[in-house]
Amino acid sequence: MKSWRFRNGILAAILFVILSLAMLGSGSFDVTSYGAVGDGKTDDSKAFQDAWAALCQSSSSQPTLQIPRGKTFLVGSPVSFEGPCKSPSVSVKWAGTVIGPQKTWKGGDGDSWLEFANVDGLSISGNGKIYGQGAIWWKTCSGALRFRSCNRLRVLGLKSADSPRNHISITNCINATFSNLKLTAPEDSPNTDGIDIANSINIQISNSLMATGDDCIAINDGTSHVKITGLTCGPGHGISVGSLGKEGDEAVVENIYVKNCTFANTDNGARIKTWQGGSGFARKITYEDIQLDNVRNPILIDQYYCPHQTCANKGKAVGISDVWFSNFQGTTVDRSAITLNCSNTVPCTNINLNNIKITAPTNGREEVFAICNNAYGKSSDTVPVVSCLK
Ligand SMILES: *[C@@H]1O[C@H](CO)[C@@H](O)[C@H](O)[C@H]1NC(C)=O
Ligand SMILES: *[C@@H]1O[C@H](CO)[C@@H](O)[C@H](O)[C@H]1NC(C)=O
Ligand SMILES: *[C@@H]1O[C@H](CO)[C@@H](O)[C@H](O)[C@H]1NC(C)=O
């Protein structure tokens, strides 16, 4: 009797260990196992949320959310993939397509459709697609994909089309890399920025294509150590630092490095824009090895940024200093190829232009020129000549 009980006890213990190991090992969380249908019609929001909740509680070493290839998942309401998760690193294998609803939900200003928040060590890969069906939402305030407070983030190979507002926003993240992205929206779609970055440190974006209705990348307040390489931008509004200092805000942006990028048929190329009345600084900004193809404003510093009809000249401004524009080649559609329009109370200092050759598209027969107000610094080998710089 005793030994029988003993044997059962042992068996139960062994079974328990095996089951635990199996659960620990099963690091795969396929949305279809949580009820997602993937027919493009059924709302799979809840299945995504449930699969994530299970993943986030998992103690396996690299739990993975699977969005399988060959299926189209309608995510009809905002989903927040919230952390912190038990595992120090989690991944999403995004191989299928995720589409937005045909109509918008009632939501607060700035609500994101898909948000990852407080998730550290997140890595997303798989060449999947996000299709925002943005045309119906372009009047709303919702972005497609937001990363909030995600440290050690990696995103590889995602495609996003027709986002409702910006495609991707990054806020309060440290150490993130994005590569091989393809973000597209029609040229005339409002506010469809490619990537917006704010309050983040150490962000790298490489080898990507962005064709949008607004900034390809916008770098906003509280951001430092951003490196952007191998980006093809256009149509769109270029790579912008700002706009900074709206409504008297203090801005802090520094160590921004943009290299080996192409702007094709964009409104702007390399742009730094600040509102009147702000304070703080935007400094240590480099744009180098830039190819231009029919760009309206290839190089633009605007300390009087004012997208509305009138903005008061408020005296104060976000200071702009230590800026390098080097090795720019190509064509502009406007004759004003370079505009440095700095504030009369807070001039731009240490602005450096070097090895710039910008011509008008008609084989350089039309003269292009530079506009320069309150900017100080140096230039060499620059066409057009920037007379205010030494
Ligand atoms: C970010 O990366 C740097 C350099 O690799 C490292 O020292 C730092 O601890 C990282 N920070 C976070 C929050 O991951
Ligand atoms: C520049 O960027 C392009 C992608 O636009 C890439 O193919 C190329 O290898 C990059 N060149 C260098 C020198 O990094
Ligand atoms: C520069 O800024 C001033 C002040 O707002 C504005 O009147 C002027 O049109 C701007 N010049 C250019 C070339 O943008």
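Residues numbered from 1 in each chain as written. Chains lettered and ligands numbered in written order. Predicted model: local features only at pLDDT ≥ 70, side-chain atom pairs only at ≥ 80, totals over all residues. Heavy atoms only, no water.

Draft legend 1. Just the overall build of the chain, in detail. Broken down by element type, the chain carries two helices and 30 strands. Here the chain holds 390 residues, and the buried ones make up 50% of them. For the chain, restricting intrachain contacts to residue pairs at least 6 apart in sequence, the fraction spanning at least 24 positions comes to 77%. (Helix = DSSP H or I, 4+ residues; strand = E, 2+ residues; numbered from the N terminus. Buried < 20%, exposed > 50% of the residue type's maximum accessible area, 1.4 Å probe, protein only. Contact = heavy atoms within 4.5 Å.)

Draft legend 2. Just the site of ligand 1, in detail. Residues in close proximity to ligand 1 include R152, I174 and N175, which together make up its full environment. Coverage of ligand 1 by the protein amounts to 35% of the 360 Å² it exposes when considered alone. (Near = heavy atom within 4 Å. Areas by Shrake-Rupley, 256 points an atom, 1.4 Å probe, with all protein chains shown as cover.)

Draft legend 3. Quick look at the site of ligand 2. In the region of ligand 2, the neighbouring residues are G230, T232 and N260. Contact between ligand 2 and N260: an oxygen atom at 2.4 Å from a side-chain N or O atom of the residue. (Polar contact = N/O pair within 3.5 Å; in protein donor to acceptor, adjacent residues only side chain to side chain.)

Draft legend 4. Quick peek at the state of the cysteines. This model, assessed by the stated rule, comprises five disulfides. Should the bonded cysteines of the chain be numbered as they appear in the sequence, the pairing reads 1-2, 3-4, 5-6, 7-8, 9-10. Left without a disulfide partner, C150 is nearest to the cysteine sulfur of C173, which lies 4.9 Å away. Accessibility expressed as a relative area gives 1% for C173, which makes it buried. (Disulfide = S-S within 2.5 Å.)

Draft legend 5. View of the pairing of strand 21 (residues 239–244). Across the six residues that make up strand 21, a large majority, five, are buried. Examined bridge by bridge, strand 19 (residues 217–219) and strand 21 share three bridges and lie parallel to one another. In the strand pairing of strand 21, I219 is matched with V241. (Pairing = 2+ DSSP bridges.)

Draft legend 6. Fine view of the nonpolar core. In this structure, W52, F116, F147, F178 and F325 are the most contacted members of the largest nonpolar core, which totals 92 residues. F325 has contacts with A270, Y287, I299, I301, I351, N352, L353, N354 and I356, leaving out every residue within four places of it along the chain. (Core = buried A, V, L, I, M, F, W, Y, C linked by side-chain atoms within 4.5 Å.)

Draft legend 7. Structural view of the packing of aromatic side chains. Enumeration over the complete set of coordinates arrives at nine aromatic pairs. With 5.5 Å between their ring centres and 70° between their planes, W52 and F81 make a pair best called edge-to-face. One end of the pair, W52, is in helix 2 (residues 45–57); the other, F81, is in strand 5 (residues 79–82), and 29 residues separate them in sequence. Of the residues examined, W52 reaches a relative accessible area of 2% and is grouped as buried. Both rings, one in W275 and one in Y305, keep their centres 5.3 Å apart while their planes meet at 90°; by these two values the pair is edge-to-face. Of the two residues, W275 sits in the loop between strand 23 (268–274) and strand 24 (279–295) while Y305 sits in the loop between strand 25 (297–302) and strand 26 (319–332), which places them 30 residues apart along the sequence. A residue is classified by how much of its surface remains accessible, and W275, at 10% relative accessible area, is buried. Counting every residue linked through ring pairs, the aromatic cluster contains W52, F81, F116, F147 and F178. Taking the ring centre of F281 as reference, the NZ or CZ of R283 above it sits at 3.6 Å. (Phe/Tyr/Trp six-rings, centres within 6.5 Å; stacked < 30°, edge-to-face > 60°. Lys NZ or Arg CZ within 6 Å of the ring centre and 35° of its normal.)

Draft legend 8. Quick peek at the side chain of D214. Within the secondary structure layout, D214 lies in the loop between strand 18 (201–211) and strand 19. Notably, D214 is buried but unbridged: the nearest opposite-charge side chain belongs to R271, and the N-O separation is 4.9 Å. With residues near it in sequence (within four places) discarded, D214 still touches N191, T192, D193, G236 and H237. (Lys, Arg positive; Asp, Glu negative; His and termini not counted. Salt bridge = Lys/Arg side-chain N within 4 Å of Asp/Glu carboxyl O.)

Draft legend 9. A negative patch on the surface, seen in detail. A cluster of acidic side chains, namely D221, E247, D249 and E250, defines a negative patch on the protein surface. Counting through the fold element by element, E247 comes out in the loop between strand 21 and strand 22 (250–264). Judged by relative accessible area, which is 72%, E247 ranks as exposed. (Patch = residues over 30% accessible without salt bridge, like charges linked within 9 Å, V, L, I, M, F, W, Y side chains within 5 Å. Charge placed at Lys NZ, Arg CZ, Asp CG, Glu CD.)

Draft legend 10. View of the UniProt feature "active site" (unreviewed entry) in the chain. UniProt records the feature "active site" (unreviewed entry) at H237, using the numbering of this structure. Residues within four places of H237 in sequence aside, it is in contact with G213, D214, D215, C216, D267, N268 and R271. Within the structure, the side chain of H237 is placed 3.3 Å from the backbone oxygen of G213, a separation counted as a polar contact. (UniProt positions renumbered as here; feature names shortened; annotations may be inferred.)

Draft legend 11. Inspection of the confidence of the model for the chain at higher detail. With 88% of its residues at a pLDDT of at least 70, the chain reaches an overall mean of 90. Across residues 17–24, where pLDDT falls below 50, the model places two contacts with residues more than four positions away in sequence or in other chains. (pLDDT = per-residue confidence, 0-100.)

Draft legend 12. Inspection of the pattern of salt bridges at higher detail. Taken as a whole and judged by the stated rule, the model has ten salt bridges. For R148, the salt bridge identified is with E82, shortest N-O distance 3.9 Å. Here R148, found in strand 11 (residues 143–148), pairs with E82, found in strand 5; they are 66 residues apart in sequence, far enough to count as distant. With relative accessibility at 34%, the residue E82 sits in the partly exposed group. For D334, the salt bridge goes to R296, with nearest N and O atoms at 3.4 Å. Here D334 is found in the loop between strand 26 and strand 27 (336–341), whereas its partner R296 is found in the loop between strand 24 and strand 25, with 38 residues between them in sequence. Taken together, the salt bridges that share partners define one network made up of E82, E115, R146 and R148.

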